[in-house]
Amino acid sequence: MHSNREPLSATSDEPPSCRPSPSLKEFHSAGRGFWRDVPDADWNDWHWQLKHRLTTLEQLQHLMPTLTPEEIAGTQLANHKLALAITPFFFNLIDPAEEHCPIRRQVIPRIEETHTASWEMSDPCGEDSHSPVPGLVHRYPDRVLFLVTDRCAAYCRYCTRSRLVSNASGYDFHPDFERQISYIRQRPEVRDVLLSGGDPLLFSDEKLEHLLARLRAIPHVEFLRIGTRIPIFLPQRITPALCAMLKKFHPLFVSIHSNHPRELTTEVRDALSRLADAGIPLGNQSVLLKHVNDNAEVMQALVQKLLMCRVKPYYLYQCDLIAGSSHLRASVRDGLGLLDALRGHTTGYAVPQYVIDAPGGGGKVPVNPESVLSRNRDRVVLRNYEGKVFEYIEGANPAPTFKRSENFDMPELV
Ligand SMILES: *Cc1c(COP(=O)(O)O)cnc(C)c1O
């Protein structure tokens with residue numbers, strides 16, 4: 001595989017971020033790599049992929065002799081915090097020659113995961129304190145997060161839910177579907193149910209269908225969504241049978257999670273196409289990650305490739321203050337810079353909303369580059385994507401046309 005890195009500069013011990021390479025926007029197959037002798041029927045079978053996940057240091061060292069001391073030490077400790085698991089399919093996207101490969105950084109543990117700053121948390125979004133019954137997070141008035149499992153096809157090292165996901169740290173996650181469903185049934189204000197975890201698409205078609213049918217049977221549940229990284233880690237799971245089952249539960253949206261254009265392979269594109277052909281609107285949630293996607297060319301290639309896969313970039317998350325993630329967190333300033341590089345410079349549909357999930361449990365707060373330079377009763381001064389300044393005249397507005405929230409009123413600038 002190609003390397004899209006610049007040589008390390010002598011004055012910096014920081015790895016350089018991804019240099020745009022001409023192939024960043026092209027679709028490639030993940031390839032078979034080490035598994036070239038495995039029959040197609042096995043390779044394309046999601047059960048085979050799961051069964052052959054890389055989960056031990058020995059397996060990693062065998063396939064990747066370039067493992068660094070930081071990665072070896074991180075992997076030895078991983079199973080006490082967040083388990084190591086990588087599907088053979090996703091592993092093939094790693095360039096073993098590239099120490100700072102953007103795929104590698106997402107799934108191979110590093111010793112920095114054990115470094116915890118005082119402002120980092122095990123439950124950064126305060127989910128446990130907003131959980132009325134086990135496995136349900138009810139933060140917003142009209143919608144709930146329904147955690148179905150603590151397992152994923154592979155484990156992202158910056159996982160915001162690592163306290164429970166993979167069950168490595170003794171959290172003992174026990175969702176209770178009966179209680180979760182009965183909580184929703186008793187609350188007519190809940191019109192939107194978001195299935196997540198862990199990854200709901202790890203369930204068998206039958207088990208998932210049963211759960212979706214029970215939720216659909218609740219008259220006030222208008223809208224269902226599934227949050228999943230399986231189309232990226234395990235596109236083989238997106239079978240025609242799964243898509244045929246899911247399409248019975250419309251309106252059903254799927255939010256995928258991809259962070260780097262290299263993840264969007266031809267296999268992934270085909271899997272997303274099967275979902276889209278089943279009438280499922282697709283969104284993507286990315287996490288802003290240092291040396292993975294904190295670079296304008298990489299981010300632009302990612303969002304444009306997503307559109308080519310019929311996926312709308314939905315959210316770009318500032319990385320949560322999850323314990324042991326500082327080596328992967330880029331700054332808010334970098335995030336705002338990326339948004340500035342996207343807005344106006346690419347298709348509006350390609351621009352995600354950048355959000356910070358407020359530490360402690362305030363929910364997602366949009367963060368936007370400054371576009372209103374000043375505002376008073378009769379004019380708004382705007383900055384466009386080229387930095388040019390424009391004025392929008394409102395005339396003398398005698399009275400506000402709607403009542404603002406009582407605890408927040410933006411001061412009028414002069
Ligand atoms: C993200 C999230 C939702 C969904 O938020 P949207 O902005 O509607 O996508 C719902 N509940 C919780 C707890 C969440 O974290």
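Residues numbered from 1 in each chain as written. Predicted model: local features only at pLDDT ≥ 70, side-chain atom pairs only at ≥ 80, totals over all residues. Heavy atoms only, no water.

**Considerations on the domain arrangement of the chain**
Then comes step 1: According to the domain assignment, the chain contains domain 1 (1-369) and domain 2 (372-413).
Then comes step 2: The C-alpha centroid of domain 2 is placed 38 Å from the C-alpha centroid of domain 1. (Domains from an automatic or database assignment.)

**A word on the environment of F249**
Then comes step 1: For F249, the location among the structural elements is in the loop between helix 10 (240-246) and strand 5 (252-256).
Then comes step 2: It is 33 Å that separates the C-alpha atoms of F249 and Q300, two residues lying 51 residues apart in sequence.
Then comes step 3: Residues within four places of F249 in sequence aside, it is in contact with E209, L212, A213, R216 and L224. (Helix = DSSP H or I, 4+ residues; strand = E, 2+ residues; numbered from the N terminus. Contact = heavy atoms within 4.5 Å.)

**Topic: the packing of aromatic side chains**
Then comes step 1: In the structure shown here, the tally under the stated rule is 10 aromatic pairs.
Then comes step 2: Ring centres 5.7 Å apart and planes at 55° place the aromatic pair F146 and F177 in the tilted group. Of this pair, F146 sits in strand 2 (residues 143-147) while F177 is found in helix 7 (residues 177-185), placing the two residues 31 residues apart along the sequence.
Then comes step 3: A residue is classified by how much of its surface remains accessible, and F146, at 0% relative accessible area, is buried.
Then comes step 4: Judged by relative accessible area, F177 falls into the partly exposed class, the value being 21%.
Then comes step 5: Between Y315 and Y317, the aromatic rings sit 5.5 Å apart at their centres with planes inclined by 65°, giving edge-to-face as the arrangement. Of the two residues examined, Y315 and Y317, each falls in the buried class.
Then comes step 6: Aromatic ring contacts, followed pair by pair, group F34, W35, W43, W48 and F91 into a single cluster.
Then comes step 7: Directly above the ring of W46 sits R237, whose terminal nitrogen or CZ lies 4.2 Å from the centroid.
Then comes step 8: Sitting over the face of the ring of F27, K305 holds its NZ or CZ atom 4.6 Å from the ring centroid. (Phe/Tyr/Trp six-rings, centres within 6.5 Å; stacked < 30°, edge-to-face > 60°. Buried < 20%, exposed > 50% of the residue type's maximum accessible area, 1.4 Å probe, protein only. Lys NZ or Arg CZ within 6 Å of the ring centre and 35° of its normal.)

**Considering the pattern of salt bridges**
Where charged atoms from two side chains of opposite charge approach closely, those side chains can pair.
Then comes step 1: Overall, the coordinates contain 24 salt bridges when judged by the stated rule.
Then comes step 2: R32 serves as the salt-bridge partner of D40, at 2.4 Å between the closest nitrogen and oxygen.
Then comes step 3: D40 sits in the exposed class, given a relative accessible area of 53%.
Then comes step 4: A salt bridge links R310 to D277; the shortest N-O distance between them is 3.0 Å. Here the residue R310 occupies a position in the loop between helix 12 (296-308) and strand 7 (311-317), and D277 occupies one in helix 11 (residues 266-277), the gap between them amounting to 33 residues.
Then comes step 5: Several salt bridges converge on common partners, so that one network encompasses D123, E127, D128, R161 and R163. (Salt bridge = Lys/Arg side-chain N within 4 Å of Asp/Glu carboxyl O.)

**What about the side chain of Q285?**
Then comes step 1: Looking at the secondary structure, you find Q285 in strand 6 (residues 282-287).
Then comes step 2: Within the local environment of Q285, its side chain forms a polar contact with the side chain of Y317, the two groups lying 2.6 Å apart. (Polar contact = N/O pair within 3.5 Å; in protein donor to acceptor, adjacent residues only side chain to side chain.)

**Overview of unusual backbone geometry**
Then comes step 1: Following G197, the chain continues into G198 via a peptide bond in cis, with omega recorded as 15°.
Then comes step 2: If you trace the backbone, G198 turns up in the loop between strand 3 (192-196) and helix 8 (205-216).
Then comes step 3: Residue P251 is reached from H250 by a cis peptide bond, and omega for that bond is -5°.
Then comes step 4: Within the fold, P251 resides in the loop between helix 10 and strand 5.
Then comes step 5: Positive phi is not limited to glycine here, since S166 has a value of about 80°.
Then comes step 6: When you line up the elements, S166 lands in the loop between strand 2 and helix 7.
Then comes step 7: Residues other than glycine seldom take positive phi values, yet R310 does so here, at roughly 65°.
Then comes step 8: Residue class for R310 comes out partly exposed when judged on its relative accessible area of 44%.

**Let's talk about the packing of helix 7 against helix 8**
Then comes step 1: Closest axis-to-axis distance for the helix 7/helix 8 pair is 10 Å, and the angle between their directions is 20°. Classified by the interaxial angle, the pair formed by helix 7 and helix 8 is roughly parallel. Handedness of the helix 7/helix 8 crossing: right-handed. In this structure, helix 7 uses F177, E178, I181, I184 and R185 to contact helix 8, whose residues at the interface are L211, R214 and L215.
Then comes step 2: For the contact of helix 7 with helix 8, the class distribution of residues is 5 nonpolar, no polar and 3 charged. (Axes fitted to C-alpha atoms, helices over the stretch in contact; angles between N-to-C directions. Parallel < 35°, antiparallel > 145°, perpendicular 65-115°, else oblique. Left-handed = near helix turned anticlockwise from the far one by under 90°. Nonpolar A, V, L, I, M, F, W, Y, C, P; charged D, E, K, R; others polar.)

**Some points on a nonpolar patch on the surface**
Then comes step 1: There is a patch of nonpolar side chains on the surface, built from V372, L382, F390 and Y392 and spanning about 350 Å² of accessible area.
Then comes step 2: Relative to the helices and strands, Y392 is located in strand 12 (residues 389-393). (Patch = residues over 30% accessible without salt bridge, like charges linked within 9 Å, V, L, I, M, F, W, Y side chains within 5 Å. Areas by Shrake-Rupley, 256 points an atom, 1.4 Å probe, with all protein chains shown as cover.)

**Things to note about the sheet that holds strand 10 (residues 372-375)**
Then comes step 1: Here we have 3 strands laid out as an open sheet, ordered 10-11-12, and antiparallel in their pairing. The open sheet terminates on both sides in strands that have one partner only, identified here as strand 10 and strand 12. Going from strand to strand, the sheet's axes swing by 20° on average, the running direction of each strand aside.
Then comes step 2: For strand 11 (residues 379-383) and strand 12, the ladder comprises 5 bridges, and the chain directions are antiparallel. Paired with R379 across the strands is I393, a residue of strand 12. (Pairing = 2+ DSSP bridges.)

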